[in-house]
Amino acid sequence: MASVTMTVNGKSVTANIDPRTLLAQFLREHLHLTGTHVGCDTSQCGACVVHVDGKAIKSCTTLALSCDGSTVTTIEGIGTPDNLHPMQAAFRENHGLQCGFCTPGMIMSAIDIVNRKGNKLDEHTIREELEGNICRCTGYHNIVKAVAQRSEEHTSELQSLRHLVCRLLLEK
């Protein structure tokens, strides 16, 4: 057994685990965070995507021990039913899901895409960036619409923040 400590969804957790334990197993079986799905066990489908230290990773092929000391965010850590993360809201508004199996990984990947690529993402970029996520139900059209909407909103939020900072600096 090996000891692992990490912050998961804002809470510090420590556990003794088999050194071969994958992060997806750790989250699902040890912490009972079952929103992270495992669809392929080979990093092909993206249902297992979580954020480790702010970057999207596929947890089905990542050893939990490699995340010792890291900050991990799962789908359970980004919003609540009463206060959805803006990307979750965009998926809901654009009907970017059907059966829901791929949705947690798809949303976590989409947040990462907007954080990395920025604003006003075009359809080609979104589709290219989502290549590592498989959805067997929706045909991706509404998922792409949801990511595009959120990237557009992200642009507006950044512009508002810039204006606020400039105004505050001018007032000094």
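Note that the coordinates shown come from a computational prediction; the quantities given were computed from them, not determined experimentally. (Residues numbered from 1 in each chain as written. Predicted model: local features only at pLDDT ≥ 70, side-chain atom pairs only at ≥ 80, totals over all residues. Heavy atoms only, no water.)

**A word on the overall build of the protein**
Part 1: The secondary structure content of the protein amounts to five helices and five strands.
Part 2: Every one of the 172 residues in the protein was classed for burial, and the buried ones make up 41%.
Part 3: A separation threshold of at least 6 residues defines the contact pool for the protein, and within that pool the share at least 24 residues apart is 58%.
Part 4: With the model as given, the accessible surface of the protein reaches about 9,400 Å², and the carbon-plus-sulfur share is 51%. (Helix = DSSP H or I, 4+ residues; strand = E, 2+ residues; numbered from the N terminus. Buried < 20%, exposed > 50% of the residue type's maximum accessible area, 1.4 Å probe, protein only. Contact = heavy atoms within 4.5 Å. Areas by Shrake-Rupley, 256 points an atom, 1.4 Å probe, with all protein chains shown as cover.)

**Points about the packing of helix 2 (residues 86-93) against helix 3 (residues 103-117)**
Part 1: For the pair helix 2 and helix 3, interaxial distance at closest approach is 10 Å and the crossing angle is 120°. Put simply, helix 2 runs oblique to helix 3. The two elements helix 2 and helix 3 meet at a crossing, and its hand is right-handed. Contact residues: helix 2 offers Met 87, Gln 88 and Phe 91, while helix 3 offers Thr 103, Met 106, Ile 107, Ala 110, Ile 111 and Val 114. (Axes fitted to C-alpha atoms, helices over the stretch in contact; angles between N-to-C directions. Parallel < 35°, antiparallel > 145°, perpendicular 65-115°, else oblique. Left-handed = near helix turned anticlockwise from the far one by under 90°.)

**Concerning the pairing of strand 3 (residues 49-52)**
Part 1: Across the two faces of strand 3 the burial is the same, with Val 49 and His 51 and Val 50 and Val 52 all buried.
Part 2: Judged from the four bridges that link them, strand 3 and strand 4 (residues 55-58) form a sheet pairing that is antiparallel. Bridge pairing in strand 4 links Val 52 to Lys 55.
Part 3: With antiparallel pairing between neighbouring strands as the criterion, strand 3 and strand 4 make up a hairpin whose turn holds two residues, including Asp 53 at a positive phi of roughly 50°.
Part 4: Both strand 3 and strand 5 (residues 71-73) contribute to a ladder of two bridges, which runs antiparallel. (Pairing = 2+ DSSP bridges.)

**Observations regarding the pattern of salt bridges**
Part 1: For the structure on display, the rule yields five salt bridges.
Part 2: With its nearest N and O atoms 2.5 Å apart, the salt bridge here joins Glu 129 to Arg 116. In this pair, Glu 129 sits in helix 4 (residues 123-129) while Arg 116 sits in helix 3, placing the two residues 13 residues apart along the sequence.
Part 3: Look at Glu 129 and you get partly exposed, because its relative accessible area is 22%.
Part 4: Residue Glu 123 is joined to Arg 127 by a salt bridge in which the shortest nitrogen-to-oxygen separation is 2.8 Å. Of this pair, Glu 123 and Arg 127 both sit in helix 4, four residues apart, roughly one helical turn.
Part 5: A cluster of three or more residues bridged by salt bridges with shared partners is formed by Asp 112, Arg 116, Lys 117 and Glu 129. (Salt bridge = Lys/Arg side-chain N within 4 Å of Asp/Glu carboxyl O.)

**Focus: the sheet that holds strand 2 (residues 11-17)**
Part 1: The strand order across the open sheet built from five strands is 2-1-5-3-4, with neighbouring strands paired in mixed fashion. Each edge of the open sheet carries a strand with a single partner, namely strand 2 and strand 4. Going from strand to strand, the sheet's axes swing by 40° on average, the running direction of each strand aside.
Part 2: Relative to the sheet, helix 3 contacts strand 3, strand 4 and strand 5, its axis offset from that of strand 3 by approximately 40°.

**Some points on the nonpolar core**
Part 1: Formed by 22 residues in total, the largest nonpolar core has its most connected members in Met 87, Phe 91, Met 106, Ile 107 and Val 147.
Part 2: Mapped by element, the contributors of at least two residues to this core are helix 2, helix 3 and helix 5 (141-171).
Part 3: By residue number, the principal contributor to this core is helix 3, which donates seven residues.
Part 4: With 15 residues, the next largest nonpolar core counts Val 8, Phe 26, Ala 64 and Cys 67 among its residues. (Core = buried A, V, L, I, M, F, W, Y, C linked by side-chain atoms within 4.5 Å.)

**Description of the side chain of Asn 133**
Part 1: Relative to the helices and strands, Asn 133 resides in the loop between helix 4 and helix 5.
Part 2: A distance of 3.2 Å separates a polar atom in the side chain of Asn 133 from a polar atom in the side chain of Ser 109. (Polar contact = N/O pair within 3.5 Å; in protein donor to acceptor, adjacent residues only side chain to side chain.)

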